[in-house]
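Now for the letters of each chain:
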Amino acid sequence: MNFNMILISTLLFAMCLFSTCNSQSDVFQETAFKSSEKLRGKSQGPLVLKLAVLDTYAELTAPECVKFFASRQYEELQFILKIKYQIDLQLTYYAKEADLDEAVIGQNYDGMICNPWLAFRQVPVHGMNFSRIADLLDPFDSQFLFGAFIVGKNSAIESLEDLEGKRLAIGNKKSFEKYHMPLKLLERSKLQSVKIIHNEICNETVGDLLDGKADAGVISDYSLIASCAAALAKEEDFRIIAQTDNMPLCSVILDLTKTGPAEAQRLQDALLTISREELPGGMISSGFVKPMKWRPERFTN
């Protein structure tokens, strides 16, 4: 009797543990750093932070086809941080997601500046303690990114419901705004017969629409402005019939197992103060803001 009870209890515990692990891998914790007055002043003296950068609008990471527009430069910001705040922000630039993935997985840096999903998607497997310290605004001073459901300007498709039975080109599993969020939206809308086409990049999705291989597509909201898809078509060639929820476009992320909350608070305060008082023109926006709340959930069906 006692043996059976122990066995049942063990099985129930194992089932609960398995369920929890699955939950943690699909639904993340809140990613925004929680600022605290108690942390201010606890980090003193010179602070060196090594960050990996893949910024859509940075001159050193943007594709050649959009360099005329994506021209953000960090050097003057780094100078101000070092001279006035004793924060030595050492940046290494990556132009390809695959290379950034290796850097994140290798845990070679204290953090990164990038689309936050590129960092947080590695957390369940590799166990980093990432936190978004600040969000970086785009040249239009938007903090957000979303997946845009687009159709040709003359398409008869007017709404998400019209996609039933149609061909929809989306991204792959590595993309949050072009894969996970759109599929979650379709799931919530109870659309069951949409024919999904998976593409690696927005260029392919735009190309599928132009060639008649897809009836609709999901692209990053900036794709027809700040990606090479802009060379294929213009914004006015398409209509947006729906969009996903907002997520952060670009965040300053720290691994708190390497830096600690006091250092995170110090960096956040410095970035926000510089943005208010002396932001360099090379940042091509109004700079940094407090991180929006964002708790990503992957599509797993």
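Residues numbered from 1 in each chain as written. Predicted model: local features only at pLDDT ≥ 70, side-chain atom pairs only at ≥ 80, totals over all residues. Heavy atoms only, no water.

Considering the overall build of the protein
To be explicit about the condition: We count a stretch as a helix when DSSP gives it H or I for four or more residues in a row; a strand needs E for two or more, and each element gets its number in order from the N terminus. Each residue gets one of three labels from its accessible area relative to the maximum for its type: buried under 20%, exposed over 50%, partly exposed in between, using a 1.4 Å probe on protein chains only. Residue contacts are defined here by distance: any two heavy atoms, one from each residue, within 4.5 Å place the two residues in contact. Note on areas: Shrake-Rupley with a 1.4 Å probe; residue coverage comes only from the protein chains shown. Counted as positive: Lys and Arg. Counted as negative: Asp and Glu, with His and the chain ends omitted from the count. Where a charge lies is defined by one atom per residue type, namely NZ (Lys), CZ (Arg), CG (Asp) and CD (Glu).
Secondary structure assignment for the protein yields nine helices and 13 strands. Along the longest, intermediate and shortest principal axes, the C-alpha atoms of the protein span 75 × 60 × 30 Å. A total of 301 residues make up the protein; the buried ones form 50% of that total. Restricting to contacts in the protein with at least 6 residues of sequence separation, those with at least 24 account for 78%. Taken as a whole, the protein presents about 15000 Å² of accessible surface, with 53% of it coming from carbon and sulfur. A distance of 5 Å separates the average location of the 32 positive side-chain charges in the protein from that of its 39 negative side-chain charges.

What about the nonpolar core?
The following threshold applies: By convention a nonpolar core is built from buried Ala, Val, Leu, Ile, Met, Phe, Trp, Tyr and Cys residues, the set being connected through side-chain atoms within 4.5 Å.
Residues Tyr74, Ile113, Phe130 and Phe288 are the most contacted members of the largest nonpolar core, which totals 60 residues. Sequence-distant contacts of isoleucine 113, that is, excluding residues within four places in its chain, are made with Leu51, Ala52, Val53, Leu54, Asp55, Tyr74, Leu91, Leu136, Cys250, Ser251 and Val252. In terms of nonpolar packing, the next biggest core, distinct from the first, is built from 18 residues, Ile157, Tyr179, Leu191 and Ala216 among them.

Here's the deal with helix H6 (residues 176-188)
What counts is decided by this rule: For this analysis, a polar contact is any N or O atom pair within 3.5 Å, provided that within protein one partner can donate a hydrogen and the other can accept it, and provided that sequence-adjacent residues contribute only side-chain to side-chain pairs.
Counting buried positions along H6 gives eleven out of 13 residues, so the element sits mostly inside the fold. Taken as a whole, H6 has its buried residues at Phe176, Glu177, Lys178, Tyr179, His180, Met181, Pro182, Leu183, Lys184, Leu185 and Leu186. Near the N-terminus of H6, the side chain that reaches the backbone nitrogen of lysine 178, with its oxygen 3.1 Å away, is that of serine 175.

What to know about the sheet that holds strand E6 (residues 147-152)
In plain terms, the rule: Strands qualify as paired when DSSP identifies two bridges or more between them. Only C-alpha atoms enter the line fits that serve as axes; for helices the fit covers just the stretch in contact. Angles between N-to-C directions range over 0 to 180 degrees.
In spatial order, the strands read E8-E7-E9-E6-E10; together these five strands make up an open sheet with mixed pairing. Because the sheet does not close on itself, it has two edges, and the strands there are strand E8 (195-198) and strand E10 (238-243). Strand-to-strand, the axes of this sheet are offset by a mean angle of 30°, without reference to chain direction. The pairing of strand E7 (residues 167-170) with strand E9 (residues 216-220) spans two bridges and is classified as parallel. Bridging across to E9, alanine 169 finds its partner in glycine 217. Here H6 sits on the sheet in contact with E6, E7, E8, E9 and E10, set at roughly 130° to E9. Helix H7 (residues 202-210) rests against E6, E7, E8, E9 and E10 of the sheet, and its axis sits at about 155° to E9.

A few points about the confidence of the model for the protein
Using the following cut-off: The score called pLDDT rates the predictor's confidence residue by residue, from a low of 0 to a high of 100.
When pLDDT is averaged along the protein, the result is 90, and 91% of the positions lie at 70 or above. Scored below 50 in pLDDT, residues 1-25 shows three contacts in the model against residues more than four places distant or in partner chains.

Some remarks on unusual backbone geometry
With the exception of glycine, the majority of residues adopt a negative phi angle, and the majority of peptide bonds are in the trans configuration. One non-glycine residue, glutamine 86, lies in positive phi territory at about 55°. Its place among the elements puts glutamine 86 in the loop between helix H2 (75-85) and strand E2 (87-93). Notably, isoleucine 284 is not glycine yet its phi reads approximately 50°, a positive angle. By secondary structure assignment, the location of isoleucine 284 is in the loop between helix H9 (261-277) and strand E13 (288-289).

Some details on the side chain of threonine 244
Its place among the elements puts threonine 244 in the loop between E10 and strand E11 (247-248). Overall, threonine 244 belongs to the buried group, its relative accessible area being 5%. A polar contact is formed between the side chain of threonine 244 and the backbone nitrogen of glycine 147, at a distance of 2.8 Å. In this view, threonine 244 contacts Phe146, Gly147, Phe149, Glu177, Met181, Pro182 and Leu185; residues no more than four positions away in its chain are not counted.

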